[in-house]
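# Per-entry structural report
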Amino acid sequence: MDKYTKQRIEKLHPTVREEVTKVIEECDNALTGRAKIRVTQGLRTFEEQDALYAQGRTKAGKKVTNAKAGQSIHNYGFAVDICLIIDGKDASWDTKKDWDNDKVADWYECVKIFAKHGWEWGGNWKTFKDMPHFEKRNLSWRSLSKLKKDKNGYVILK
């Protein structure tokens, strides 16, 4: 696991840090070829979320989210976006490539591992597919937004 992934996991909600670490380690162990997992996004501030939401609307670029600040599971530390790092240097979001030649696309090996641990994949969404995105299943931004926060700004789960 690379230092960027570790840094991003450390900012996730404390209740999922250990679990995400385990998932990433499992993915890396399953990928026996040239690819390893990198978490590219974890916890996202409301300001960062609004900037992403503006993209393709009031700022140049392609729309990348339909979520305003507070409306993303990222804003509460229960979501990660990933990419594959090939040969320790090149980022890939190719969902079809089988870098370890085991007849299963590396991306889908990871999708299965995340699912086994109770994480939903944005690639399964019907309307706005978000291929790099995984979020803790059975959480909604609406319910999370109503919870009190601890001294570090994380929601307090009941």
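All of these numbers come straight from a predicted model, not from anything done at the bench.

This next bit is on the side chain of threonine 95. Relative to the assigned elements, threonine 95 resides in the loop between strand 3 (90–92) and helix 4 (106–116). Each residue touching threonine 95, except ones within four places of it in the same chain, is listed here: Ala105, Trp107, Tyr108 and Met131.

Val20, Ile37, Val80, Leu84, Phe114 and Phe134 are the most contacted members of the largest nonpolar core, which has 30 residues in total. Among the elements of the structure, helix 2 (17–30), strand 1 (35–41), strand 2 (79–86), helix 4 and strand 4 (119–121) are those that each provide at least two residues to this core. Ignoring sequence-local partners within four residues, the contact set of valine 20 consists of Ile9, Leu12, Val80 and Trp119.

Scanning the model with the defined rule gives five salt bridges in all. The partner of arginine 34 in a salt bridge is aspartate 87, with the nearest N and O atoms 2.8 Å apart. Of the two residues, arginine 34 is situated in the loop between helix 2 and strand 1 and aspartate 87 in the loop between strand 2 and strand 3; the sequence distance between them amounts to 53 residues.

Rules used in this analysis
Residues numbered from 1 in each chain as written. Predicted model: local features only at pLDDT ≥ 70, side-chain atom pairs only at ≥ 80, totals over all residues. Heavy atoms only, no water. Helix = DSSP H or I, 4+ residues; strand = E, 2+ residues; numbered from the N terminus. Contact = heavy atoms within 4.5 Å. Core = buried A, V, L, I, M, F, W, Y, C linked by side-chain atoms within 4.5 Å. Buried < 20%, exposed > 50% of the residue type's maximum accessible area, 1.4 Å probe, protein only. Salt bridge = Lys/Arg side-chain N within 4 Å of Asp/Glu carboxyl O.

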